[in-house]
Amino acid sequence: MSGLRHREPPGDEPGDHRGDDRGDDPEADYERAGLAGHLAPGTSPALLLVDPARAYVDPDCPLYAGVEPAVEAMRALLAAARRAGIPVVVTRVRFRPDGRDGGVFFRKVPTLRVFAEGSPYGDFIDGLGPAPDELTVTKQYPSAFFGTSLAAYLTGAGIDTLLIAGLTTSGCVRATALDAMQHGFVPVVAEEAVGDRDPDVHAANLFDIRHKIGEVWPMERVEEYLGARG
């Protein structure tokens with residue numbers, strides 16, 4: 001051996017119980033750490049539907065995620081946003097046939113080939129496509145802000161709050177919520193209107209978004225917020 005003395009990780013030294021006071025309640029631990037703040041939504045919201053693509057609801061696609069309940073909630077939220085008359089933005093993923101515009105992301109996740117030009121899996125899920133007067137943002141990376149004009153569009157429209165729904169929670173939804181916050185928009189994720197292939201991953205990402213990035217509201221609260229505007 002090298003002669004270096006082995007050290008236990010901090011908090012695990014004999015007689016040291018510094019790591020024990022966090023307990024088994026993650027919510028309480030985050031509150032003690034000061035990760036329990038809230039953001040008040042503004043008065044000028046927009047709805048952002050992140051990648052409502054057929055890939056996630058077609059069992060023949062390798063990206064099928066079993067997120068049909070979230071899709072139904074997305075339809076309800078889209079209808080509520082249109083009744084309230086707020087701007088709606090819908091994103092889609094599209095790559096060149098060779099995927100080179102996807103860079104490292106495409107190399108890391110080869111299944112993204114289902115979003116190559118000409119593939120039907122990149123088409124919008126029925127009932128979730130944008131209306132002619134609504135903005136479509138085409139992207140190649142997880143965040144709807146990365147490499148797109150979304151931030152400029154929202155700023156120009158005077159938007160201060162972004163209601164976020166879509167697929168999937170741990171990927172493009174989380175990345176978009178993070179970038180919304182970093183661009184100065186209050187992100188509000190509609191809890192039932194986002195989904196992921198694994199319920200534990202889904203729940204963990206909503207927990208993290210709620211404590212570090214923005215707000216996670218149940219659909220009822222989002223619809224009340226929109227109704228108050230109407």
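Residues numbered from 1 in each chain as written. Predicted model: local features only at pLDDT ≥ 70, side-chain atom pairs only at ≥ 80, totals over all residues. Heavy atoms only, no water.

> Hey, could you go over the pattern of salt bridges for me, with residue numbers and the actual values?
Applying the stated criterion across every chain, the model contains nine salt bridges. Arginine 210 is paired through a salt bridge with glutamate 27; the nearest N and O atoms lie 3.6 Å apart. Linking arginine 210 in helix 6 (residues 199-212) with glutamate 27 in helix 1 (residues 26-32), this pair joins segments that are 183 residues apart in sequence. The class of glutamate 27 is partly exposed, set by a relative accessible area of 29%. Three or more residues joined by partner-sharing salt bridges are found here, namely Arg174, Asp208 and Lys212. (Salt bridge = Lys/Arg side-chain N within 4 Å of Asp/Glu carboxyl O. Helix = DSSP H or I, 4+ residues; strand = E, 2+ residues; numbered from the N terminus. Buried < 20%, exposed > 50% of the residue type's maximum accessible area, 1.4 Å probe, protein only.)

> Talk me through the environment of leucine 128; I want residue IDs and the actual numbers.
Relative to the helices and strands, leucine 128 resides in the loop between helix 3 (103-108) and strand 3 (135-139). Each C-alpha atom, one on leucine 128 and one on valine 71, is 8.5 Å from the other, the two residues being 57 residues apart in sequence. Apart from residues no more than four positions distant in its own chain, leucine 128 is found in contact with Leu49, Pro52, Val71, Met74, Arg75, Leu78 and Val90. (Contact = heavy atoms within 4.5 Å.)

> Describe unusual backbone geometry, and please don't skip the residues or the numbers.
That bond from leucine 167 to threonine 168 is cis: its omega, -10°, falls within 30 degrees of zero. Turning to its location among the elements, threonine 168 is positioned in the loop between strand 4 (161-167) and helix 5 (169-182).

> Can you explain the packing of helix 5 against helix 6? Please cite residues and give values.
Contact pair helix 5 / helix 6: the axes reach a minimum separation of 10 Å and the direction vectors enclose 5°. One way to sum up the angle between helix 5 and helix 6 is to call them roughly parallel. Judged by residue contacts, Thr169, Ser170, Arg174 and Met181 of helix 5 engage Val201, His202, Asn205, Leu206, Asp208, Ile209 and Lys212 from helix 6. Considering only residue class, the contact of helix 5 with helix 6 consists of four nonpolar, four polar and three charged. (Axes fitted to C-alpha atoms, helices over the stretch in contact; angles between N-to-C directions. Parallel < 35°, antiparallel > 145°, perpendicular 65-115°, else oblique. Nonpolar A, V, L, I, M, F, W, Y, C, P; charged D, E, K, R; others polar.)

> Residues and numbers for the environment of tyrosine 225, please.
Structurally, tyrosine 225 can be placed in helix 7 (residues 219-229). Along the sequence, tyrosine 225 and proline 45 sit 180 residues apart, while their C-alpha atoms lie 9.8 Å from each other. Excluding anything up to four places from it in sequence, tyrosine 225 contacts Pro41, Gly42, Thr43, Pro45, Thr161, Leu163 and Trp217.

> Please set out the packing of aromatic side chains residue by residue, giving values where relevant.
Inspection of every chain in the model, using the stated rule, returns seven aromatic pairs. Here the aromatic rings of tyrosine 56 and phenylalanine 115 are separated by 6.2 Å at their centres, their planes lie at 50°, and the arrangement is tilted. One end of the pair, tyrosine 56, is in the loop between strand 1 (45-50) and helix 2 (68-84); the other, phenylalanine 115, is in the loop between helix 3 and strand 3, with 59 residues separating them in the sequence. Classification of tyrosine 56 as buried rests on a relative accessible area of 9%. Ring centres of tryptophan 217 and tyrosine 225 lie 5.8 Å apart, and the angle between their planes is 80°; on these two criteria the pair is classed as edge-to-face. In this structure, tryptophan 217 and tyrosine 225 share a single accessibility class: buried. Members of the aromatic cluster, each reached through a chain of ring pairs, are Phe105, Tyr141 and Phe146. (Phe/Tyr/Trp six-rings, centres within 6.5 Å; stacked < 30°, edge-to-face > 60°.)

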